[in-house]
Structure formats: structure tokens, C-alpha cells
Amino acid sequence: MFSSSLRSSLRVFLLLIPVFAFGIYIFKNAINVPFGDDEALLISINLIHENGRNLFHALLVQHNDHRIFFSRLTAVLIEFFNGEMNFRTMIICGYLNLILLGHTLYLVFKTVSNKLIFFLPVSVLVFSPIVYVVQLWSITAFEQTLAITFSLYCLYFLQPSKQKNWYLSFPFAIAATLANLDGLSIIPVGLVWLILQKRTRESIIFAVVSAVYLYIFFQGFRFSFSSESFTLSQTIWLVFRGFVSFTGSIVKVLSDSHVYILSLTAGGFFLIIYLLFFVKKFTTSDGWKGVLFPISFAEICFLKLLACGFMIAMGRGMSDIDSMAAMRFQVYSACIYGLFYLFVLSNIKNEKLRYSLFFVFLLSALTLNFWAYAKYDNTVTGHSDELKVDSYNFPNHTLFIHQYTKSEDHDKQFFRHYAFPEYFSESKIKRWNELLSSQELNTQSIFKTNLIDDKSRYGEYKYPVLSIEIDHLPAGIPRKDVYLMLSDRLKMDKPYLIALRLNNNEWLGNLMNQDLAPPSFSAIIPQKMPQGIYHAALCWSENGIPKSLLIAKDFAVNNN
């Protein structure tokens with residue numbers, strides 16, 4: 001039989017497999033191109049370069065409804081040591097935040113069980129593409145992930161066993177609020193837990209320090225509000241519905257089309273199970289000695305994540321229930337599910353039942369993990385393609401095709417402390433152009449464009465919204481790394497590149513190595529290109545050799 005040290009090493013190895021696997025995934029897919037709110041990082045860098053005295057303001061200035069101190073600080077440090085901003089470096093550094101989050105969850109686990117293998121479901125859940133949106137976006141990798149991490153570290157030092165060092169909870173509580181506004185929930189949660197432990201002196205100090213800090217934190221702070229108005233009963237129902245949906249949103253991985261009913265069902269199940277254990281406390285005397293109400297470390301951490309969900313439900317649940325299951329919140333979802341498992345495990349004393357619970361959660365975690373890797377592969381590839389083509393479009397046309405739909409694009413001076421990487425060489429673009437000019441039109445391919453007039457979805461867009469559909473392609477067209485080149489007939493030397501999304505994304509069939517039909521592609525973009533007469537070609541590379549297929553000639557692009 002195996003020795004105890006070998007068995008222990010094997011358990012550690014199993015726990016680290018998801019960590020290394022997802023780390024490789026992040027390293028492979030991290031792109032050095034700004035996306036969306038990443039502009040806030042460049043604003044901070046530009047402010048500091050304009051005047052070094054702007055440092056404090058640049059790091060703490062409000063962004064939307066948050067103060068994103070750690071995102072800005074990391075960007076400033078990367079620019080300082082690297083000489084220019086690098087978003088890929090920041091994304092990779094952001095993975096260390098997920099490892100820190102894993103460590104805080106392990107600290108919770110240590111209070112629940114001494115069997116290391118029982119932590120495997122949590123490792124499999126957290127280190128997976130379930131959280132890809134947060135971890136592959138440089139700014140969010142230092143927001144939600146750190147807000148949860150610092151909150152759990154704060155609660156760690158508020159445990160009864162850590163009373164000698166309880167004051168270390170303060171810097172972590174403050175750090176949580178400076179990572180993301182949701183981190184503010186640690187203050188009431190931490191205060192209530194101190195009160196329930198009958199730690200009067202610490203409770204008073206915590207309350208006073210928190211009140212002073214919150215007064216400073218909200219100086220000059222402005223909240224955004226929904227323009228919709230609801231009655232009190234409607235507000236309560238919408239917030240409750242959003243909260244329950246958020247609690248069970250881990251099931252979004254299984255289905256996007258049925259996420260609302262699935263998340264409500266899962267969230268309701270989690271909350272009912274929690275309430276049953278909560279009520280059970282009143283039937284026993286265990287844990288009541290010296291406290292107003294017994295709440296374990298695992299339980300208070302679970303409640304902390306529920307408090308985050310409640311805050312988010314108040315902010316977003318009233319305007320759009322679907323946003324409660326948004327991918328950028330999936331790091332909360334994974335942590336809620338993981339902490340729910342640890343909480344239930346902490347309340348089960350029978351060893352056979354604990355092993356049964358472990359196998360049930362391990363099976364569900366593995367299912368969600370593998371499903372996420374397969375399901376989101378094309379989504380992540382599509383997002384990467386959009387960033388790559390914009391790294392070509394902006395230097396050549398001073399516009400982003402796939403970003404800034406509701407506002408003007410920045411000028412080139414805005415990016416003076418960042419250099420766009422070259423994913424498409426000048427020689428490759430030139431060769432694609434030559435092929436486009438010399439090819440005959442493929443008459444069997446279908447290329448359709450039309451302007452979308454859907455105010456409910458695109459009402460806030462600054463530009464007309466253009467839909468592109470490409471179908472009936474010949475065999476041999478690859479399903480990945482295919483781009484649409486649009487060349488103005490009068491300016492052929494400077495084409496536009498557009499990333500395409502695979503329509504018939506039969507990822508399950510692809511996973512099972514089934515024969516797949518020829519691909520069809522689509523794109524929905526803001527029509528920023530100037531009006532004119534364009535040619536369109538599909539472009540890709542085969543063994544390093546540029547390939548092209550002309551699919552449309554002399555079609556008009558109009559701005560209305």
C-alpha cells in the first residue's frame with residue numbers, strides 16, 4: 001500500500017491540477033489589448049504622467065460606482081517598470097489574485113475538515129473557465145476577485161481564535177472596499193459577527209473606525225440610479241427575485257437559455273437548505289456557550305457572499321433580472337457554491353455522510369468544470385479575435401470596430417503610454433489584399449448585411465448597428481481564426497478587419513469528434529466605417545500561408 005506521505009503528496013497534486021490547468025488557460029488566452037473599462041487604467045497613467053501630484057487622485061478617483069484602487073495601482077506599476085502599459089501582463093498577474101482567493105477558501109476549509117481531499121470540489125470549481133470573464137479582463141481580475149479575497153481574510157481575523165490579532169481585520173476590510181463597491185458588505189457582516197460573539201469592546205472599535213472610514217470613502221461619491229420607478233412591494237419582490245437568482249447562478253454554465261428558472265431553482269434550494277440548518281441550531285445547545293448566536297467561520301463566509309448578492313440585487317435586480325447571472329459575476333457564483341458545500345460539510349458529523357456529500361459535490365464540480373472548458377472555448381476565442389482585429393483597426397483607422405459602441409473612440413494620443421501589439425503583419429494584410437483584388441467572386445456564398453433597428457437592445461448605441469451574415473461556404477473553410485476583410489474600393493491599401501462568430505457552434509459535436517457541417521459566420525458591429533462601396537473577403541492562414549475567399553463585391557455601406 002502507499003505510504004502516508006505519498007498519499008498526502010497525491011492529494012496535494014490532485015488539488016493543484018485545476019490550478020495549473022486554468023493557469024495555462026489564462027496564459028494562453030491573455031491578450032495585450034484594452035477592453036471596455038480598461039480605459040480607466042490608461043486615464044490614471046496619463047494623469048500621473050501629466051503631473052506626479054495627481055497620483056493619489058488617480059488611484060482613488062471613482063470609476064462608475066466603484067473605487068478601483070488595486071486595478072489602477074497594478075496598471076501604474078506595470079507601466080512604471082515596463083515603460084508602457086501591458087494588459088496581458090496585468091491579466092496574468094490577476095491570476096495570482098485567484099490563487100489568493102483559493103487560499104482564503106482553504107483557510108475556511110481548515111476549520112471544517114482535516115481531510116485534504118475534501119477540498120478538491122472547491123479547487124475544481126474556482127479554478128475553471130466558469131470565471132473566465134473576470135480573469136481574462138485585466139481590470140476585473142483586480143476587482144471582484146480581490147473584493148471577495150480581502151473580505152474573507154478580514155473575517156479570518158475576526159474569528160474567536162484570532163482575538164489577539166483581530167485588528168488585522170481593518171486593513172483587509174478597507175482593501176475589500178477599495179477593490180470593488182461590493183466589498184463594503186464586509187463592514188456590516190463583520191460588525192454583526194463581532195456582536196454575536198459578545199465581543200463588546202471590539203464591536204465598538206470596529207463600528208467607530210468603520211463609520212469614520214465610510215465618511216471619508218463617500219466624500220464626493222456619486223451613485224448611479226435606475227430611471228425606472230417601482231412601488232415598495234415591487235421593489236421588495238424584484239430585489240428578492242434577483243437575490244435568489246444570484247445565489248444559484250452557478251447553473252448558468254449548464255444553460256444560457258434557461259438560466260433564469262435554473263438559477264431561481266438552485267438559489268432557492270441553497271437558501272432552504274441553509275435555513276434548515278439555521279433552525280436546527282435552536283434544537284441543540286452546541287456552540288451557544290459565550291455567544292449571542294453561534295455562527296461558524298464557514299457560515300459567516302457564506303453569509304458574506306450572500307450579502308454581496310443582496311447588494312448587487314439592489315443595484316441591478318430591479319432593472320434587468322438577466323444581469324444577475326452575468327458572466328462577470330460568476331466568480332461570486334463559484335464561491336457561493338463552494339462555501340455552501342463547506343458550510344453543509346461543517347454541519348455533518350457522520351463520516352459516511354461526509355464522504356457521500358464530498359462525492360456529490362465533486363461530481364457536480366467536475367461536470368461544471370469540464371462543461372465550462374468545452375462550452376466557452378469558442379466564446380473566448382471570439383473575444384480574443386475581436387481584441388486582435390482592433391489592435392489592427394485602431395492604429396490604421398483610429399477606431400475600434402468591436403468596442404466603444406456608446407461613445408466616441410479615443411484619439412491616438414490617449415494611448416501614448418501603451419503600444420498596440422501586431423497580430424497581423426503588414427505583409428499578411430498586403431497579401432490578403434492582393435488575393436482579394438485578383439480573385440473571382442464566389443457566387444455560391446451568401447453575404448448579407450442589414451442595419452438593426454432594435455431600440456430595446458441597441459437604443460444607447462451611438463452608431464448604426466450593422467448585422468453581417470455569411471453562409472453557404474465551400475468545404476475547407478476553417479472554423480477558427482477566420483476574419484472578414486472589408487476594403488473600400490477607393491482605398492484598398494487600408495482595409496478593415498472584423499472578427500466573426502461561429503454560428504453553428506456545435507461544440508458538443510466537436511468534442512465528440514463528429515463530422516461537422518461547413519461553418520457559417522456572423523457579426524454584429526457598430527457601423528463606424530465611412531460610407532462607401534466595399535469588397536468583402538474571408539481571410540485566414542493555412543500553415544502560415546495567407547488564404548482568402550472573395551464573398552462580396554461592390555456592396556454599399558451607408559450610415560443610415
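Residues numbered from 1 in each chain as written. Predicted model: local features only at pLDDT ≥ 70, side-chain atom pairs only at ≥ 80, totals over all residues. Heavy atoms only, no water.

Visitor: Run through the packing of helix α5 (residues 87–110) against helix α8 (residues 144–157), naming residues and quoting values.
Guide: It is the contact of α5 with α8, at a shortest axis distance of 9 Å, that shows an interaxial angle of 30°. Taken together, the axes of α5 and α8 are roughly parallel relative to one another. Seen along the crossing, α5 lies across α8 with a hand that is left-handed. Along the contact surface, α5 presents Asn 97, Leu 98, Leu 100, Leu 101, His 103, Thr 104, Leu 105 and Leu 107, while α8 presents Thr 145, Leu 146, Ile 148, Thr 149, Leu 152, Tyr 153 and Tyr 156. Classifying every residue of the contact of α5 with α8 by side-chain character gives 10 nonpolar, 5 polar and no charged. (Axes fitted to C-alpha atoms, helices over the stretch in contact; angles between N-to-C directions. Helix = DSSP H or I, 4+ residues; strand = E, 2+ residues; numbered from the N terminus. Parallel < 35°, antiparallel > 145°, perpendicular 65-115°, else oblique. Left-handed = near helix turned anticlockwise from the far one by under 90°. Contact = heavy atoms within 4.5 Å. Nonpolar A, V, L, I, M, F, W, Y, C, P; charged D, E, K, R; others polar.)

Visitor: Give me the sheet that holds strand β5 (residues 483–488): which residues, what numbers.
Guide: If you trace the 4 strands from one edge of the open sheet to the other, you get β6-β5-β9-β10, paired in antiparallel fashion. This sheet does not close on itself; its edge strands, each paired only once, are β6 (491–499) and β10 (545–557). Neighbour-to-neighbour, the strand axes of the sheet open up by a mean angle of 25°, direction not taken into account. Pairing of β5 with strand β9 (residues 532–542), which is carried by 6 bridges, proceeds in the antiparallel orientation. The residue bridging Met 485 from the neighbouring strand is Ala 537, located in β9. Across the sheet, helix α17 (residues 377–397) touches β5 and β6, and the angle it forms with β6 is around 155°. Helix-sheet contacts for helix α18 (residues 426–438) involve β5, β6, β9 and β10, and the interaxial angle to β10 is about 60°. (Pairing = 2+ DSSP bridges.)

Visitor: I'd like a description of the nonpolar core, backed by residues and values.
Guide: Met 85, Leu 101, Leu 105, Leu 155, Ile 250, Tyr 332 and Tyr 341 are the most contacted members of the largest nonpolar core, which totals 142 residues. The dominant element in this core, judged by the number of residues it contributes, is helix α15 (residues 330–346), at 13 residues. Excluding its chain neighbours within four sequence positions, the residues that come into contact with Leu 105 are Phe 119, Val 122, Val 126, Leu 152, Cys 335, Leu 339 and Leu 342. (Core = buried A, V, L, I, M, F, W, Y, C linked by side-chain atoms within 4.5 Å. Buried < 20%, exposed > 50% of the residue type's maximum accessible area, 1.4 Å probe, protein only.)

Visitor: Outline the sheet that holds strand β7 (residues 501–502), supporting the account with residue identities and numerical values.
Guide: Sheets are built from strands that pair by backbone hydrogen bonding, the pairs being arranged parallel or antiparallel. Across the sheet, which stays open at both edges, the 4 strands sit in the order β3-β4-β8-β7 with antiparallel pairing between neighbours. This sheet does not close on itself; its edge strands, each paired only once, are β3 (446–452) and β7. Where β7 lies against strand β8 (residues 521–526), 2 bridges are found, and the strand directions are antiparallel. Across the sheet, the residue bridging to Arg 501 is Ser 522, located in β8.

Visitor: With reference to specific residues and values, describe the environment of Phe 157.
Guide: As for its position among the elements, Phe 157 is in helix α8. Phe 157 sits 335 residues away from Met 492 along the chain, and the two C-alpha atoms are 64 Å apart. Phe 157 has contacts with Lys 162, Asn 165, Trp 166, Leu 168, Ser 169 and Phe 172, leaving out every residue within four places of it along the chain.

Visitor: Describe α15, listing the residues and the values that go with them.
Guide: The terminal C-alpha atoms of α15, which comprises 17 residues, lie 24 Å apart, in line with the 24 Å expected from a rise of 1.5 Å per residue. Burial analysis of α15 places 17 of its 17 residues in the buried class, which makes it a mostly covered element. (Expected span 1.5 Å × (residues − 1).)

Visitor: Run through the side chain of Ser 151, naming residues and quoting values.
Guide: Relative to the assigned elements, Ser 151 resides in helix α8. Aside from chain neighbours lying at most four places away, what touches Ser 151 is Ala 176, Gly 183, Ile 186 and Lys 304.

Visitor: Any chance you could break down the state of the cysteines for me, citing the residues and the numbers?
Guide: Note on terminology: a disulfide is the covalent bond linking the sulfur atoms of two cysteines. Applying the stated criterion across every chain, the model contains 0 disulfides. Counting only cysteine sulfurs, Cys 301 is the nearest neighbor of Cys 154, a cysteine outside any disulfide, at a range of 9.8 Å. The class for Cys 154 is buried, based on a relative accessible area of 0%. (Disulfide = S-S within 2.5 Å.)

Visitor: Just give me the short version of a nonpolar patch on the surface, but keep the residues and values in it.
Guide: Nonpolar side chains collect at one region of the surface, where Ile 204, Val 208, Val 212, Tyr 215 and Ile 216 lie side by side and expose about 530 Å² of accessible area between them. Along the polypeptide, Tyr 215 turns up in helix α11 (residues 200–217). (Patch = residues over 30% accessible without salt bridge, like charges linked within 9 Å, V, L, I, M, F, W, Y side chains within 5 Å. Areas by Shrake-Rupley, 256 points an atom, 1.4 Å probe, with all protein chains shown as cover. Salt bridge = Lys/Arg side-chain N within 4 Å of Asp/Glu carboxyl O.)

Visitor: Talk me through the side chain of Ser 138; I want residue IDs and the actual numbers.
Guide: By the element assignment, Ser 138 lies in the loop between α7 (132–135) and α8. Classification of Ser 138 by relative accessible area gives buried; the value is 1%. Apart from the residues lying within four places of it in its own chain, the contact partners of Ser 138 are Asp 38, Leu 41, Phe 87, Met 90 and Ile 91.

Visitor: Quick rundown of the pairing of strand β4 (residues 465–471)? Include the residues and the values.
Guide: The buried fraction of β4 amounts to 5 of the 7 residues, a majority that puts the element mostly inside the structure. Examined bridge by bridge, β3 and β4 share 7 bridges and lie antiparallel to one another. Residue Lys 448 lies in a different strand from β4, and its bridge partner there is Glu 469. Relative to β8, β4 runs antiparallel, the two sharing 6 bridges. Pairing of Ile 470 across the sheet is with Phe 521, part of β8.

Visitor: Give a detailed account of helix α4 (residues 69–82), specifying residues and quantitative values.
Guide: When the terminal C-alpha atoms of α4 are compared, their 20 Å separation across 14 residues agrees well with the 20 Å that a helix rising 1.5 Å per residue should span. Of all the positions in α4, only Phe 70, Ser 71, Arg 72, Thr 74, Ala 75, Val 76, Ile 78 and Glu 79 are classed as buried. Tucked into the core, α4 has its buried residues touching α2 (39–50), α3 (55–60), β1 (62–63), α5, α8 and α9 (169–179). Gly 83 sits one or two positions beyond α4 and adopts a positive phi of about 90°.

Such coordinate-based values are descriptive only and should not be taken to indicate function.
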